[in-house]
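For reference, the chains in residue letters:
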Amino acid sequence: GEGQLATVLAHELAHNILEHPQRRRASGSRPSVRSTEIAADRLSVYLLDAAGYPIADAVAFWSEWGRANDLGILSDRTHPGWRKRIASIEAEAALIAAAKAAGRPVTPPADLLR
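Residues numbered from 1 in each chain as written. Predicted model: local features only at pLDDT ≥ 70, side-chain atom pairs only at ≥ 80, totals over all residues. Heavy atoms only, no water.

J.: Which residues make up the overall build of the protein chain, and what values go with them?
T.: The helix and strand tally for the protein chain stands at five helices and zero strands. Ordered by position from N to C terminus, the α and β elements of the protein chain give α-α-α-α-α. Split into buried and exposed, the 114 residues of the protein chain put 39% on the buried side. Of the contacts formed within the protein chain by residues at least 6 apart in sequence, a portion of 73% connects residues at least 24 apart. Carbon together with sulfur atoms contributes 59% to the accessible area of the protein chain, which is approximately 6800 Å² in total. (Helix = DSSP H or I, 4+ residues; strand = E, 2+ residues; numbered from the N terminus. Buried < 20%, exposed > 50% of the residue type's maximum accessible area, 1.4 Å probe, protein only. Contact = heavy atoms within 4.5 Å. Areas by Shrake-Rupley, 256 points an atom, 1.4 Å probe, with all protein chains shown as cover.)

Structural data, given as structure tokens:
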């Protein structure tokens, strides 16, 4: 659905916001792809929330797509498994819910944007 497409777009946009492609080129070395994927997943939750999409759409996407494309021990382990992706998304969703409940602005954690 639309929310799942928004999930993919938010994830890829997060890579650009976090300057992952530029950092890879500038360093001349390959940073941990796994860590950049987790960071993009985390930031994508804030982008989805700001755009009015339910975070449950991201969980649904990674559950469906992840299960269908997880090759277990045969997969290339540069990307986190779908369960780890969902765990990081749900952790950020809890931070967003807590901020909203406390009447605080919803902003990504400082460790993500450094």
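Anyway, onward from the coordinates.
J.: If you had to explain the pattern of salt bridges to someone new, which residues and values would you point to?
T.: Opposite charge on two side chains permits them to pair, given that their charged atoms come into close proximity. On inspection of all chains with the given rule, the structure shows five salt bridges. Asp 41 serves as the salt-bridge partner of Arg 85, at 2.8 Å between the closest nitrogen and oxygen. Taken together, the residues Arg 85 in helix H5 (residues 82–101) and Asp 41 in helix H3 (residues 33–50) connect sequence positions 44 residues apart. Exposure remark for Arg 85: the relative accessible area of 4% places this residue in the buried category. Notably, a salt bridge pairs Lys 100 with Asp 49, separated by 2.6 Å at the nearest N-O pair. (Salt bridge = Lys/Arg side-chain N within 4 Å of Asp/Glu carboxyl O.)

J.: Kindly report on the layout of surface pockets, identifying the contributing residues and their values.
T.: In this model, the largest pocket occupies a volume close to 260 Å³. Lining the largest pocket are 12 residues; nearest its centre among them are His 20, Arg 23, Ala 39, Asp 111 and Leu 112. Secondary-structure elements contributing two or more residues to the lining of the largest pocket are helix H2 (20–27) and H3. At five residues, the largest contribution of residues to the lining of the largest pocket is made by H3. Of the residues contributing to the lining of the largest pocket, the split by class is five nonpolar, three polar and four charged. (1 Å grid on protein atoms, 1.4 Å probe; cavity = no way out; pocket = protein on both sides within 12 Å on 5 of 7 lines; lining within 4 Å. Points joined across faces, edges and corners; volume = space filled by probe spheres on them. Nonpolar A, V, L, I, M, F, W, Y, C, P; charged D, E, K, R; others polar.)

J.: Residue-level account of the packing of aromatic side chains, with values.
T.: All told, the structure shown has one aromatic pair when counted by the stated rule. Seen from their ring centres, Phe 61 and Trp 62 are 4.8 Å apart, and the 80 degrees between their planes marks the pair as edge-to-face. There is no split in this pair, since Phe 61 and Trp 62 are both buried. Its end group placed over the ring of Trp 62, Arg 85 keeps NZ or CZ at 4.0 Å from the ring centre. (Phe/Tyr/Trp six-rings, centres within 6.5 Å; stacked < 30°, edge-to-face > 60°. Lys NZ or Arg CZ within 6 Å of the ring centre and 35° of its normal.)

J.: I'd love a proper account of unusual backbone geometry, names of residues and values included.
T.: Excluding glycine, residues mostly carry a negative phi; peptide bonds, for their part, are mostly trans. A positive phi is found at Glu 19, a non-glycine position, where the angle reads about 60 degrees. Note that Glu 19 resides in the loop between helix H1 (2–17) and H2. The exposure class assigned to Glu 19 is partly exposed, which follows from its relative accessible area of 41%.

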